[in-house]
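Okay, here's what each chain looks like letter by letter:
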Amino acid sequence: MSPHGVEERNEADVVDASEANDADAQTELATIVGAGPAGLMLGATLARYGIKAVVIDNRDDKTSTGRADGLQPKTIETLQQLRVADSLLRKGVKIHDICFWTASKTESLHRTRREIHYPEHVDVEYPFILLVHQGMVEDVFIDDMRERNVEVARGLTFQSYKLGDVPGSPLNVVCTENKTGRSRTFKTDYLIGCDGARSNVRNSIPGADMVGESSNAKWGVLDGVIETNFPDFWSKVVVHSEVSGTLLCIPRERNMTRLYIELDSSIGESERATQDLVIKRAQAILAPYTLEWTSVEWFSVYKVGQRVASTFTNEDGRVLIAGDAAHTHSPKAAQGMNTSMHDTFNLSWKLNLAIRGLSKPELLSTYQQERRKIAQDLIDFDFEHAAAFTNGDAKALADNFATNVGFISGFGVKYAPNAINKPEKSPRGVLRAGELVARAKVTRYIDANPVNIELDIPMLSQFRVYFFVHDITASTQFLASVCRHVSAAHSVMGRASMKAAKSYTRMPVAPVEADQYVQPARYIGASQLFTFSMVTETDKSNFEISDLPPLLQKSRWTIYLDNAQDQKTGETCTEKWLGSVANSEVAIVNVRPDGYLGAIGRFGVHENGTACEWLDEYYGALLST
């Protein structure tokens, strides 16, 4: 669908219902319902891509206590690539291990095992869970949006939407102002529901039903400062007492601890669960160790359920849902906030390209294909994990965790083959289409800095195209020919880049103070749509930037020397990612804007024509030129 009104817009004002039929009423590019982590991730990423969405929330204020609290390794990495993770890493608590304790009718409470939370075989840069409460994550996004002149409109409850009379025309969205009851309506091109498990947006989509089971198990949750003589209190701990029940202990920021406490539904305890009752239950489970609260910041009771929406989008693909609006599950594996933010991170770059008219409809449709599968994978894992937790089976719980540790970390998420994930016929190395690229060390040519190649290029809604070259001298003609092609108006990438340049001229990304430290122009100087890079085993003393084709000269900050080795395996980046690249070969690695591998092509140095055709075919299936 072509975007409506592509000029840069100021922050939206919601208009009176009486103005809804005014043909001149402003149409918003995107409207996000819900300002939790999912909605704010979407609003913040779109803002940095130059798309100022309207973000509304029915709450009068942001989250100040409680709710979700754990960031997994992949989420930390994503926040690093967005350059917003530093304050959370500084303030949060890092959890590296997990302990299991048990008590029976004949044995007192004792530790049965201790495990490293993310063992060495899980190849992550941040091998820990970062504990920070949800409000701290929201603050990071709110501040980032505010710097880009996007604010959350609070105290507005979404009621319904209506499709326009003409296919592709704007949606009419109706909201209610909480304080006055006044109805508000406005027009928007896209509507995204990030409004929680009781989502009004989901309920407005025909056929979007929640499918799955909701168990009767209920749990109390407490955040507070605790005095105790329990020895593992600053580790993640699962405690099961055959007599008193099950408890999960998680350290938190500001000297707090979160406890999840199983409630006994058989005696109606969960129906009358007060804070005092839950505290007494926790004390009974941890006996003979003492447990005393000096303060309680947050208390709640929740019910476990595993459910997934039957569809994440309406029929024409312009109303979408994400996060808890699309899937619900237990919180004990610290997946909810993470999965929700990755829903909207997956959606954000696809929506940016759709709004700008730079992509074909097939690209946006991959959001549902990919994220609904991940939601179902999460539900399947969570069902077994929650059952083992409730049953107090430490071995089953540990085994389930070990089997799924890659998925839990976020790095085991795998997307199926589709228009953007093209499997290699005979893969070598660890890279696979639809999976995250692995971490690897390289040296940046221009300043000799050792960097992680997967983290070095910031997320700017651009594809990353890496040329892996063993020897530059042997590959000179190949690089020159392919770089000329992808820059030319007769190529798909060339036309797409020119179209993107026009779009970003009409809807520019407004510079902000943070850009002084990121310097986005270093990464999109050659194209707003692609960051071009070269990784070479050639020694730095044997070539100059000026020896490279003009396209790569413009990309001087993403020229890397493959002269570092993995501390665990001793492999170089080329060896780890691709197995190897021969002297007479060039490998082209296409990485999606969200860091997942799209496609790999391997070509002889004389097969430049074949490489050009391959690139045209891959991007021609995704991009509108």
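Conventions adopted
- Residues numbered from 1 in each chain as written.
- Predicted model: local features only at pLDDT ≥ 70, side-chain atom pairs only at ≥ 80, totals over all residues.
- Heavy atoms only, no water.
- Helix = DSSP H or I, 4+ residues; strand = E, 2+ residues; numbered from the N terminus.
- Buried < 20%, exposed > 50% of the residue type's maximum accessible area, 1.4 Å probe, protein only.
- Pairing = 2+ DSSP bridges.
- Axes fitted to C-alpha atoms, helices over the stretch in contact; angles between N-to-C directions.
- UniProt positions renumbered as here; feature names shortened; annotations may be inferred.
- Core = buried A, V, L, I, M, F, W, Y, C linked by side-chain atoms within 4.5 Å.
- Contact = heavy atoms within 4.5 Å.
- Phe/Tyr/Trp six-rings, centres within 6.5 Å; stacked < 30°, edge-to-face > 60°.
- Salt bridge = Lys/Arg side-chain N within 4 Å of Asp/Glu carboxyl O.
- Expected span 1.5 Å × (residues − 1).
- Parallel < 35°, antiparallel > 145°, perpendicular 65-115°, else oblique.
- Left-handed = near helix turned anticlockwise from the far one by under 90°.
- Nonpolar A, V, L, I, M, F, W, Y, C, P; charged D, E, K, R; others polar.
- Bend = angle between axes of the 7 residues up to and from the residue.

With that settled, the discussion passes to unusual backbone geometry. Residues Ala-287 and Pro-288 are joined by a peptide bond in cis, for which omega reads 15 degrees. Considering the arrangement of structural elements, one finds Pro-288 in the loop between helix 6 (275-286) and strand 17 (291-309). With phi around 65 degrees, Asn-149 is a residue other than glycine that occupies positive phi space. Within the secondary structure, Asn-149 is located in the loop between helix 4 (134-147) and strand 9 (152-154). Of note, Asn-255 is a non-glycine position whose phi angle comes to about 65 degrees, a positive value. You can call Asn-255 partly exposed: its relative accessible area is 45%.

What follows covers the sheet that holds strand 25 (residues 585-591). Sheet architecture is open: 7 strands sit in the order 21-20-24-23-22-25-26, paired in mixed fashion. Strands with a single pairing partner mark the edges of an open sheet, and in this sheet they are strand 21 (450-452) and strand 26 (597-604). Within the sheet, the average angular offset between the axes of one strand and its neighbour, ignoring direction, is 30 degrees. Bridge analysis of strand 22 (residues 463-469) against strand 23 (residues 530-536) gives 7 bridges, and the strand direction is parallel. Paired with Phe-468 across the two strands is Val-535, which belongs to strand 23.

To continue, consider the UniProt feature "domain: Phenol hydroxylase-like C-terminal dimerisation" (unreviewed entry) in the protein. When the UniProt feature table is mapped onto this chain numbering, "domain: Phenol hydroxylase-like C-terminal dimerisation" (unreviewed entry) sits at residues 413-621. Helix makes up 30% of residues 413-621 and strand 19%, whereas the separation of the span's terminal C-alpha atoms amounts to 24 Å.

The 3 strands are arranged 4-8-5 in an open sheet whose pairing can be described as antiparallel. Of all strands in the sheet, those with a lone pairing partner are strand 4 (70-71) and strand 5 (93-95), marking the two edges. Taken together, the 2 bridges between strand 4 and strand 8 (residues 129-131) define a ladder with antiparallel strand orientation. In the strand pairing of strand 8, Leu-71 is matched with Leu-130.

Moving on, we come to the nonpolar core. The biggest cluster of nonpolar side chains holds 121 residues, and the ones touching the most others in it are Leu-71, Ile-192, Phe-467, Met-534 and Tyr-619. Beyond its immediate chain neighbours, meaning those up to four positions away, Met-534 contacts Phe-467, Val-469, Ile-472, Leu-479, Phe-543, Leu-548, Leu-552, Thr-558, Ile-559 and Tyr-560. In this structure, Tyr-118, Ile-250, Ile-374 and Ala-388 belong to the second largest nonpolar core, which totals 32 residues.

The next subject is the environment of Asn-400. Positionally, Asn-400 belongs in helix 9 (residues 394-403). Placed 15 residues apart in sequence, Asn-400 and His-385 show a C-alpha to C-alpha distance of 6.4 Å. In this structure, Asn-400 is in contact with Phe-381, Glu-384 and His-385, ignoring residues within four places of it in sequence.

Moving on, we come to the side chain of Gln-80. Positionally, Gln-80 belongs in helix 2 (residues 73-81). The class of Gln-80 is buried, set by a relative accessible area of 18%.

On to the packing of aromatic side chains, then. In this structure the tally under the stated criterion is 21 aromatic pairs. Between Tyr-415 and Tyr-596, the aromatic rings sit 4.6 Å apart at their centres with planes inclined by 35 degrees, giving tilted as the arrangement. Linking Tyr-415 in the loop between helix 10 (405-409) and strand 20 (441-444) with Tyr-596 in the loop between strand 25 and strand 26, this pair joins segments that are 181 residues apart in sequence. Relative accessible area serves as the criterion here: at 5%, Tyr-596 is assigned to the buried category.

Another point: the pattern of salt bridges. Overall, the coordinates contain 33 salt bridges when judged by the stated rule. Ionic pairing is found between Arg-48 and Asp-144, a salt bridge with its closest N-O pair at 2.9 Å. Of this pair, Arg-48 sits in helix 1 (residues 37-48) while Asp-144 sits in helix 4, placing them 96 residues apart in sequence. Between Arg-439 and Glu-125 there is a salt bridge; the shortest N-O distance is 3.3 Å. A residue pair is termed long-range when its members are at least 10 positions apart, and Arg-439 in the loop between helix 10 and strand 20 and Glu-125 in the loop between strand 7 (110-116) and strand 8 qualify at 314 residues. Residue class for Arg-439 comes out buried when judged on its relative accessible area of 18%. The class of Glu-125 is partly exposed, set by a relative accessible area of 25%. Several salt bridges share partner residues, and in doing so they unite Asp-223, Arg-252, Glu-253, Arg-254, Arg-258 and Glu-297 into one network.

All right, on to helix 12 (residues 476-487) then. Over its 12 residues, helix 12 runs 17 Å from end to end, which matches the ideal 16 Å to within 8%, given 1.5 Å per residue. Buried within helix 12 we find Phe-478, Leu-479, Ala-480, Ser-481, Val-482, Cys-483, His-485 and Val-486.

Further remarks concern the packing of helix 2 against helix 7 (residues 336-355). Helix 7 packs onto helix 2 with a crossing angle of 45 degrees between their chain directions and a minimal axis gap of 10 Å. In terms of their interaxial angle, helix 2 and helix 7 are classed as oblique. Regarding helix 2 and helix 7, the two cross each other, and that crossing is left-handed. Here Lys-74, Thr-75 and Thr-78 of helix 2 lie close against helix 7, whose contacting residues are Asn-338, Met-341, His-342 and Phe-345. Partitioned by chemical class, the residues of the contact of helix 2 with helix 7 number 2 nonpolar, 4 polar and 1 charged.

For Val-54, the position within the fold is in strand 3 (residues 54-57). A relative accessible area of 7% means that Val-54 is categorised as buried. Distance in space between the C-alpha atoms of Val-54 and Phe-128 is 34 Å, their sequence separation being 74 residues.

Our focus in this paragraph is the pairing of strand 22. Side chains on a regular strand alternate between the two faces of the sheet. Counting buried residues along strand 22, 7 of its 7 residues qualify, which places the element largely inside the surrounding structure. Taking every second residue as pointing to the same face, both faces of strand 22 are buried, with Phe-463, Val-465, Phe-467 and Val-469 on one and Arg-464, Tyr-466 and Phe-468 on the other. Two strands pair when backbone bridges link them, and strand 22 and strand 25 are joined in this way by 6 bridges, in the antiparallel orientation. Along strand 25, the bridge assignment pairs Val-465 with Asn-590.

On to helix 7. Between its first and last C-alpha, helix 7 extends 28 Å over 20 residues, near the 28 Å set by a 1.5 Å rise per residue. Taking the largest bend as the criterion, helix 7 deviates by roughly 25 degrees, centred on Ser-348. Counting buried residues along helix 7, 20 of its 20 residues qualify, which places the element largely inside the surrounding structure. After helix 7 finishes, the residue Gly-357 shows a positive phi value of roughly 70 degrees.

This part takes up the pairing of strand 25. For strand 25, the tally of buried residues reaches 7 of 7 residues, placing the bulk of the element in the interior. Alternating residues of strand 25 divide into Glu-585, Ala-587, Val-589 and Val-591 and Val-586, Ile-588 and Asn-590, and every residue in both groups is buried. With 7 bridges connecting them, strand 25 and strand 26 associate as antiparallel partners. Bridge pairing in strand 26 links Glu-585 to Gly-604. With antiparallel pairing between neighbouring strands as the criterion, strand 25 and strand 26 make up a hairpin whose turn holds 5 residues, including Gly-595 at a positive phi of roughly 90 degrees.

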